[in-house]
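# Architecture at a glance
As a plain string of letters, each chain reads:
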Amino acid sequence: MASWLGGLGSGLGQSLGQVGGSLSSLTGQISSFTKDILLEGAEEVGDAATELHVSNSRFREIESINAAQKSENERLKKVCSDLEEKHEAAELQIKQLSVEYRNQLQQKEVEISHLKARQNALQEQLQKLQTAAQSAQLGGGVSQPATTSASFVPVVRHSSGFEGDDMDFGDIIWSQQEINRLSNEVSRLESEVDHWKQIAQSSKVQGANDAEQSEICKLQNIIKELKQNLSREIDEHQHELSVLQDAHRQKLIEISRRHREELSEYEERIEELENQLQQDGVSTDAMVDSKISEQEKTAQNLEGGKVDSLQMIKDLEDEIRKLNQKLSSTKEENKILLKEQELLKVEKIQLTQELESLKSDFSMLQSSVAEQGALLKEQEKSQSKTPLPEDVVSLQQALLEAEREIARLSILSQADNPVYMAEDVQAFTLDLQVLKEENLKLRNEKEELEKELLNAQCKNENIISAYTEDQNSELRQLKQDLERKEHELNESIAERETLIAELEELDKQNQEATQHMITLKEKLSRQHIETDGITKQLKFDIDVERKKVAKLEMEKMETIKELDTQKEKLSQCSYALNDLHISKQQLQDNVRNLQEQLKKAQDCNLHNKREIRELQQRLKEREEELSLSLSKLTENIEQASSHSSQDLILKEREAEIVKLQNKQLENKQLNEDLEKSLSDLKTENGKLIVAFEELKQELNDTISEKNKVCLEKDTVVEALKLEKRHLETELSQAEKQLFEQAHKYEQTIEELSNARSMDTTALQLEHERLVKLNQEKDFKIAELKRGMEQMEVDHQETKEMLTTSLGGQKQLTELIKEKEEFIERLKNQASQVKQELEEHREVSRKQDVLKQNLEEKDKSLAIMKEENNHLKEEIERFKDQQSRATPVVEPKTLDIIIELESEVTQLKVIKNNLEEEIEVHKKTIEDQNQKTVQLQQSLQEQRKEIDESKFQCEQMNVTHERLSLEKDEEIKNLQKTIEQIKTQLHKERQVIQTDSTDLFQETKVQTLNGENGNEKHDLSKAEIERLVKGIKEREMEIKLLNEKNVSLSQQIDQLSKDEVGKLTRIIQEKDLEIQALSARVSSASYRQDVLGLQQQLQAYVMEREQVLAVLSEKTRENSQLKTEYHKIMDMVAAKEAALVRLQEENQKLSNRFENSSQDMFRETIQNLSRIIREKDIEIDALSQKCQTLLTVLQTSSTGTDNGSGGVNSNQFEELLQERDKLKQQVKKMEEWKQQVITTVQNMQHESAHLQEELQKLQAQISVESDSNSKLQVDYNGLIQSYEQNEKKLRSFSQELAQVQHTIGQLHNTKDLLLGKLDLVTPSVTMASIISQPSVVQSSTPEVLSDESKLLQKELEQLKKKLQEKDSTIRTLQENNQRLSDSVATASEFERRSQEETDSEMRQIREKHDVLQKSLREKDILIKSKSDQLLSVSENLSNKENENELLKQAVTNLKERNLILEMDIRKLKEENEKIVVRCREKETEFRALQETNMQFSMMLKEKEFESHSMKEKALAFEKLLKEKEQGKTGELNQLLNEVKSMQEKAAIFQQERDQVMVALKQKQMESSALQNEIQHLHEKEQRLNQELERLRNHLIEMEDSYTREALAAEDRETKLRKKVSVLEEKLVSSSTAVENASHQANLQVESLQDQLNLVSKQRDETVLQLAISQDQVKQYALSLTNLQMVLEQFQQEEKAMYSAELEKHQKETAEWKKKAQNLEEKVASLQENLEEANAALDAASRLTEQLDVKEEQIEELKREGEIRREMLEDVQNKLMNLINSTEGKVDKLLMRNLFIGHFHTPKNKRNEVLRLMGSILGMKKEELDQLLSEDQRGVTRWVTGWLGGGTGSKSVPSTPLRPTHQTGFNSSFSELFVKFLETESCPSLPPPKLSVHDMKPLGAAGTGKTSSTPSSSQIPDSGVSGISRRPDANPFLAPRSAAVPLITPASTSGHLLMKPISDALPTFTPLPVSPDASAGAVLKDLLKQ
């Protein structure tokens, strides 16, 4: 092997050296090639011949290079073929070795099988020898083989059968066979006994004859044989008993093991299995124990029968039959129990299905209840009451099941032992008490639930009361608003009155003013319609928001409902916990039952002991009888001493006595065996107790887990409560905000109603402000929506929390199932972890690949940049050339240039894009930084602003009070000034005739905008008037503001700081308005400042909004960036974690595989890295060459400019220097390479040594790891045992505490029950009355009385039950006392007989002791042999286990091998990736070479062009010279020469191009060859790697095989040692057996001698036997009589018990049925109660609503009555006014008219008369007739004046224009005007109407301010007066009534534009249509 490895190493070294040489040659060739290219410029000569030479020489050189590469290629191919052959040879060797090892393994296995066979044979021999020894010890030598075979076969069969599961059935069959065999033997013995009896009797009759001696000898021989048979059979039975006991022990161990396994497997169904195990499993164990005990009893009875008298054998037979019957009955009971188990399982499944269906029904009921129940009360009641009946039903079922189980157990106990009936009855009573306690607990729980219901109802009432209080508060607020609006109406009415007075003044103005007013009115009506639309929109918005509020309230209700559902779920959880507690109690009861059963078993043992004692007493009696018979015999002997036959009889009697003594010894042995079996039973009981303790431990663990889960649920509930509180607080905040908004909206509505009295400008401003308000409201709505969304999100979170809590509850139920699934999950997780590991590895690989790609791309970018720079320089150079010399360029060069330019542009574009991206990224980073800084600054500014605003709010609160006082003072001052101005106005009212409407508009404009503030004018009278009007309006506003301030000061206490701030802002605005009013009187320049400030404020607000928007955007961006940053960080962290994992794995792998393979991998990686470095160096060299070529190109271009041929010497020197440097670098690289090769070889040598050391270390590590694993296993076992002990201790302590606690509870409950039995009924009724006060209110008291009656009935029934039970217990106690008395009498009788026999027994015992010692010694020998056998079998099993362990180790090693191979494959893949990278580098290198070639071609072409240009230039110079000289002929010649030269040059170029193409082809071929060489190198490396892998594999396999061989040899040696030991043991045992047989023979001889003596004594005792038998018969008769009496007594007792039990069972069944019926009734009554409660609740709600509605109706009726009374009063007043005014004529008016007629000139009197006629309502025709009759003119006029005119209608007409009147006419008009003025001022004020008769200005229902009453209310108003009043006085009609300026249909905001209130009594003399406009009416009047 070493030589072979050395050869491989040398071959590898040579191949590596060759590779290095080839590389060096390649580098040398490349450097020479670069030299040639560099020297091309220098070598090129002008002549074509020289060029050809150069090209030919190059061609030859390339061919030589090609040949060298081909030879190298062939050599490498040969190396590859050699390596492949070596590889094949290595594989063949490995195959041969593996075949050899396999053969060796097979041989070893065959040897092991032979050794095993030999061992089995030896063990069989041992067993045979042991059995032979036993037989030798037991009896004679003739019947030994038969006995051994007979006794041993069943034992073997049993030992083989223990492994199966059907062991119990086989045992039973075998035991039955044994019993049958024994019964046959007993019958045979009985026949023999009868025969001997007959002989004895005949001997008595006949006497002693010599003929009978021969028969006596025969009989003695027969007796000896019988004795031998008896002893043999006894031994056999003892052996069988021991075998059975061992088998039973093994079976018990196996059963307990299986039981534990099943427990661990089926932890899901712990509760079911515990119940079944404790009921059925324990019963089966008890059955098995009973079987064993019964079999032992049968054996005892059989042996006792043999020892005792022959009559007892018959009794034993009867007992055996009884036992067989019992066995069959137990089998049947077992079968029945199994069937019951199956039925129970089926019932359980059905119950679970029913439970699920009930759950689904319950969920359906819940959903229906949730849909039906609109309010919380009903839900809480239904949800709290519905689960109760289900719990009651489940408890009833549990009770029924418990009672059934008790009945079944009682039946079983009756069948087995009727004595323990009293204990069952006591247990039954205890169970009854427990059930009663549970019933009491349930009642308490019910009362608690009812209390909770009451609390919930109280809470609900509180909520409803709070809701009603909120509604009341809202109603109060609305009423306050109504009162405010009524107050405003009153003020508006007062204003209207003042305006009516002003209207009368305005009637004096011109028609133009009226027309202007009409146009204005139309505009205002339009604006009014628009404002109405806006108000409607605002109202709609308010309604929408109210709906939203309602939705929020609904959602709140829904959340409350959901909380209630969660409460229900919690209650369900609590019920589930209660169920678990109940199940725990059931388990505890089961444990108690088991303990009782244990006690019963102990009692059974005591009973058996008593029976044994009785048998011993009987034996003693018999012995006494024998002694009596002996004494009689001795007397007979004394009487007849002469007879010699009597001596023989005496001898026979003595022999019989010896026999009896032997039998007594045997009986004692049997007693000892029984005591041993009792001790075994005790140990088994101890084991069972331990098992019960373990079960208790598990129960405690489950209870603790449940407690933990309960705690978790409580925490979840608390969290939910906290969330609920948060939600409630948020809801309250939202409601507050909504109330605030409502207040704001109401304020805006009030402001709008006030604003209707303003002009167009005011409306516009208010419109703008409303738009802003709308915007603000929209923002607020958006905020509310966001809040709603947040609420929804929170709601979803709460839902998720609740679902998780539900999931937790489900997990509680599924915890037991998950324990089983946990292991599988762990396995799956392990597999997933492995997969994730692999994925992480793949990800890391991908990352490495990406990194490599990135690096490559970076490198390529750098190269591209360099190329770009070079190309730029070239392009500049070419541009310079083109600019300087413009000769014709060849198309090839142009194409190349174009291509280069396109490439350059593309590269530029790419570069620009990259730069732009970089700049963008930088900008984004900078922007982000700036944004963060700005955000911080803005945050600080906002904080400052908030602090300032808070401070301002505090200041405003302080200043508000001051300002109110100052305003009061200002108002007083202003009132004084107004009074002064009024006095001035009354003086100067005649002078004012300006346009009042314009003035009015100006005043309004001045108040709000201050447009006329810049005008400087004196305080004239007109201005004072304007100011007075403005001040009047402002007074009204100030009053309103004062009232508002009062109301606000009341509300400020309730409102929060935000509302105070808002109110203060409003007050500030009003203050500004007041200041503006006060400033208007003094100065006008202040208004501009105010306006400017307002504009600035608006601008600031806008800016703030913008800033906030920007801030929000920035915050969003910031959050997005943060999230992105976090994601990136998470990604980075994940990648780092993956990298760390990979690194750890790599370290592990490196630690595992630090072998020669890794060294090889390192070498290959180093080689590859070396190659890559060399390639990089070559690439750098090529790039440098490219740069030098570019510089040469540049210099050549400069050279063309200068006109000099060739290249500069400086550049050549630089190039040469660079070449020298490169050569030096190459030499250094070669030296370094040689050093590396030497180091690699050294490393190879060292690796061989390291491998050997590693192998040794691995062997040591494996040994140490095995020992460590063993130690760890032992340590873990110890820890587990310690933990188990600790757990047991804890469980014992817990059980003690629980037991103490339960004892205390039981004592307490007992005291309570005893104390409260008499006082139950009143307390129950009181509890029911106390617990249901709320239900009593709603429901009828009859239901409660029924419930109380039912409860009383139940209590009475329970009392009766208790009394009956007590009576039964007393009867049972009396029976027990009787039995105990009878037993005591019997025992006294037996004690007397025992005392007599004790004295004789002591003498016999001393003789027995000697024989017992010898028997014990033999038993000890047998036990030692059996122990040796067991030890041998244990050794064998240990060896087999070791074999299996070794096999497992081999499989583990194989798996490790596979893992190693997988890792090697992965490493190969990584190597391949590295190779791919190398290839990519080579492709880049080729690309660079190609570019280099292109550049060289370009250079050559440029040089050629430059040469041609130079030649052309020279030719041109020559031509010029010749032209000067005038030599034209020579010129032509020269031109021809030039042409010929050009053609030659073209030819040369073509040749050169061909040569270059050939060169390129050669280069391509060389590159292909190089690729092939590289591939071959790679193949070499792969083959080397495979060789090394195979070598390592071989070494490992050899190691493993050697280890296995060594292990096999060790095993062989151990087995051989064991075999030798066994042989030695065999020899020793055989010698011992021989000794034992010799001793046995000696003992047999001595026993035969003794027998001879005893046979003599037997004859003597036969006579005594006959006498004693008679006595025995008498005793037997008496005994049978006693037994009969006892049996009859027992049967009577049984009958009594069974009858009483049946009665009890029937009564319990009846009670159960009654309880079920009662429960059903209770459930139905509860449902009826719930329905009644629900109906009553609904009725109470309806009644409350009805009461509220009735109250509202009554209030409305009262208001209606008040309004009617007011209307009637007003109508009465109107009627009175009309009656008083109709038919009256004013004297003053008539006098003035009369005087005026006479004052006028005569020419104009007709006109005056006509005017008067028109006033009186006369027609034109009548007037003409009167005026035409001149004679009777005056008389008729006077008569007409005095008497006529009753039927006319007075219409006051306007005077004519003043321009038409001259002289006297003007005086008349003036007089008329004065007259009208005096008449217009009324002496009595007009009657004021009440507020209720008019429509309010700002009524919520309508948006219109018109106050025209309907025709139904005021019939005598408006136009209707035309038809009503024919007898109106024309002089009483005021001026204003004649001019209805505004039609009743039109409605405007301005008070001046409104019509005169129709409530006043107005007279309309002209029949004007209501639709006619005011202007038309005025025109008609003027025409008239």
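Fair warning: this is a prediction, and the values are worked out from it, not measured in the lab. The numbers attached to residues start from 1 for each chain and follow its sequence in the written order. Local features are withheld for residues below a pLDDT of 70 in this predicted model, meaning they are given only at 70 or higher, and side-chain atom pairs are given and counted only at 80 or more; totals for whole chains, interfaces and linings count all residues. Hydrogens and water are ignored here; the side-chain numbers use all heavy atoms of the structure.

## Remarks on the overall build of the protein chain
Put simply, the rule is: A helix here means a DSSP run of H or I that spans at least four residues, while a strand means a run of E at least two residues long, and both kinds are numbered starting from the N terminus. The criterion used for residue contact is that any of the two residues' heavy atoms lie within 4.5 Å. Accessible surface area values rest on a Shrake-Rupley calculation with a 1.4 Å probe, where residue burial reflects the displayed protein chains alone.
In terms of regular secondary structure, the protein chain is built from 32 helices and 0 strands. When contacts within the protein chain are restricted to residue pairs at least 6 apart in sequence, those whose partners lie at least 24 apart make up 90%. For the protein chain, the accessible surface area stands at approximately 125,000 Å², while carbon and sulfur atoms represent 56% of it.

## Here we look at the pattern of salt bridges
This is how the line gets drawn: By definition here, a salt bridge exists when the distance from a side-chain nitrogen of Lys or Arg to a carboxyl oxygen of Asp or Glu is within 4 Å. Only protein chains enter the accessibility calculation, which uses a 1.4 Å probe; a residue is then buried when its area is under 20% of its type maximum, exposed when over 50%, and partly exposed in between.
Within the structure shown, the criterion is met by 31 salt bridges. The residue Arg257 makes a salt bridge to Glu261 at a minimum N-O spacing of 3.3 Å. With Arg257 and Glu261 both in helix α5 (residues 211-265), this residue pair falls 4 residues apart, about one helical turn. Judged by its relative accessible area of 42%, Arg257 falls in the partly exposed class. Residue classification places Glu261 among the partly exposed residues on the basis of a relative accessible area of 37%.

## So, the confidence of the model for the protein chain
Our working definition: The predictor rates its confidence in each residue with pLDDT, a number between 0 and 100.
In this model, the protein chain carries an average pLDDT of 78, and 78% of its residues clear a pLDDT of 70 or more. Mean pLDDT across the secondary structure elements of the protein chain bottoms out at helix α3 (residues 144-161), with 39, and peaks at helix α24 (residues 1528-1781), with 90. Segment residues 41-45: pLDDT under 50, and 8 contacts once partners within four positions in sequence are set aside and those in other chains are kept. Below pLDDT 50 for its whole length, residues 1013-1019 participates in 7 contacts with residues either more than four positions away or in separate chains.

## Observations regarding the nonpolar core
What counts is decided by this rule: The set of buried Ala, Val, Leu, Ile, Met, Phe, Trp, Tyr and Cys residues whose side-chain atoms join them within 4.5 Å is what this entry labels a nonpolar core.
Formed by Leu871, Ile875, Phe878, Leu900, Val904, Leu907 and Met1498, the largest nonpolar core amounts to 7 residues. Of all elements in the fold, only α13 (760-884) and α14 (891-987) reach the threshold of two or more residues within this core. In this structure, Leu907 is in contact with Met864, Asn868 and Leu871, ignoring residues within four places of it in sequence.

## Focus on helix α25 (residues 1787-1799)
To be explicit about the condition: Take the residue count of a helix, subtract one, and multiply by 1.5 Å to get its expected span. Directions pointing from the helix axis toward each C-beta atom define the arc.
For α25, built from 13 residues, the straight-helix expectation of 18 Å at 1.5 Å per residue is met to within 8% by its first-to-last C-alpha distance of 18 Å. Buried residues of α25: Leu1789, Met1790, Leu1793, Gly1796 and His1797, and no others. Projected onto a plane normal to the axis of α25, the buried residues spread over an arc of 130° and lie on a single side. Residues of α25 that are exposed and point over 90 degrees away from its buried face: Lys1787 and His1799.

## Notes on the packing of α25 against helix α26 (residues 1805-1816)
We count it as follows: Interaxial angles span 0 to 180 degrees and are taken between N-to-C directions of axes, which are lines fitted to C-alpha atoms, for helices over the stretch in contact. Roughly parallel here means an angle under 35 degrees, roughly antiparallel means over 145, roughly perpendicular means 65 to 115, and every remaining angle is called oblique. Throughout, a crossing is termed right-handed when the near helix is turned clockwise from the far one, and left-handed when it is turned anticlockwise from it by less than a right angle. Asp, Glu, Lys and Arg are counted as charged, while Ala, Val, Leu, Ile, Met, Phe, Trp, Tyr, Cys and Pro are counted as nonpolar; the rest, among them Gly, fall into the polar class.
Two elements in contact, α25 and α26, have axes separated by 9 Å at closest approach and are oriented at 160°. As far as their axial angle goes, α26 and α25 are roughly antiparallel. Our pair here, α25 against α26, has a crossing hand that is right-handed. Contacts between α25 and α26 involve Leu1793, His1797 and Phe1798 on the former and, on the latter, Arg1805, Val1808, Leu1809 and Met1812. Classifying every residue of the contact of α25 with α26 gives 5 nonpolar, 1 polar and 1 charged.

## Considerations on the environment of Ser492
As a reminder, the rule being used: Throughout this description, a polar contact denotes any pair of N or O atoms lying within 3.5 Å of each other; where both atoms belong to protein, one of them has to be capable of donating a hydrogen while the other can accept it, and for residues adjacent in sequence the pair is counted only when both atoms sit in side chains.
In this fold, Ser492 is placed in helix α10 (residues 421-506). A sequence separation of 262 residues divides Ser492 from Asn754, and the C-alpha atoms of the two residues are 9.7 Å apart. In this structure the side chain of Ser492 is engaged in a polar contact, spanning 2.5 Å, whose partner is the backbone oxygen of Leu489.

## Here we look at the packing of α26 against helix α27 (residues 1820-1828)
Their axes nearest at 10 Å, the elements α26 and α27 cross at an angle of 145°. Classified by chirality, the crossing of α27 by α26 is right-handed. Judged by residue contacts, Asn1806, Leu1809, Arg1810, Gly1813 and Ser1814 of α26 engage Leu1823, Asp1824 and Leu1827 from α27. For the contact of α26 with α27, the per-class residue count stands at 3 nonpolar, 3 polar and 2 charged.

## Digging into the packing of aromatic side chains
The condition is simple: The aromatic pairing rule takes the rings of Phe, Tyr and Trp, using the six-membered ring of Trp, and pairs them if the centres are within 6.5 Å, calling planes under 30 degrees apart stacked, those over 60 edge-to-face and the rest tilted. Cation placement over rings: the criterion is NZ of Lys or CZ of Arg within 6 Å of the ring centroid and within 35° of the ring normal.
Inspection of the entire model under this criterion finds 2 aromatic pairs. Taking the centre distance of 3.7 Å and the plane angle of 15° together, the rings of Tyr101 and Tyr1601 count as stacked. In this pair, Tyr101 is assigned in helix α2 (residues 48-138) and Tyr1601 in helix α24, connecting sequence segments 1500 residues apart. Of the two residues examined, Tyr101 and Tyr1601, each falls in the buried class. Their ring planes at 70° and their centres at 4.8 Å tell us that Phe1794 and Phe1798 sit as a pair that is edge-to-face. Residue Phe1794 and its partner Phe1798 are both found in helix α25; the two are separated by 4 residues, about one turn of the helix. Between the NZ or CZ atom of Lys777 and the centre of the ring of Tyr745, over which it lies, the distance is 4.7 Å.

## Considering a positive patch on the surface
Let me state the cut-off plainly: Candidate patch residues must exceed 30% relative accessible area and have no salt bridge, after which like charges are joined if within 9 Å and Val, Leu, Ile, Met, Phe, Trp or Tyr side chains if within 5 Å. Charge assignment in this entry is limited to Lys and Arg as positive and Asp and Glu as negative, and neither His nor the chain termini are counted. To locate a charge, the coordinates of NZ of Lys, CZ of Arg, CG of Asp or CD of Glu are taken.
On the surface, a cluster of positive charge is contributed by Lys459, Lys567, Lys721 and Arg725. Structurally, Lys459 can be placed in helix α10.

## Focus: a nonpolar patch on the surface
Together, Leu861, Ile910, Leu914 and Ile918 line one region of the surface with nonpolar side chains, adding up to about 310 Å² of accessible area. When residues in the nonpolar patch are grouped by element, the largest group, 3 residues, is from α14. When its relative accessible area of 32% is taken as the criterion, Leu914 is described as partly exposed.

## Section: a negative patch on the surface
Together, Glu1744, Asp1747, Glu1750, Glu1751, Glu1754, Glu1755 and Glu1759 give the surface a local cluster of negative charge. Note on placement: Glu1750 falls in helix α24.

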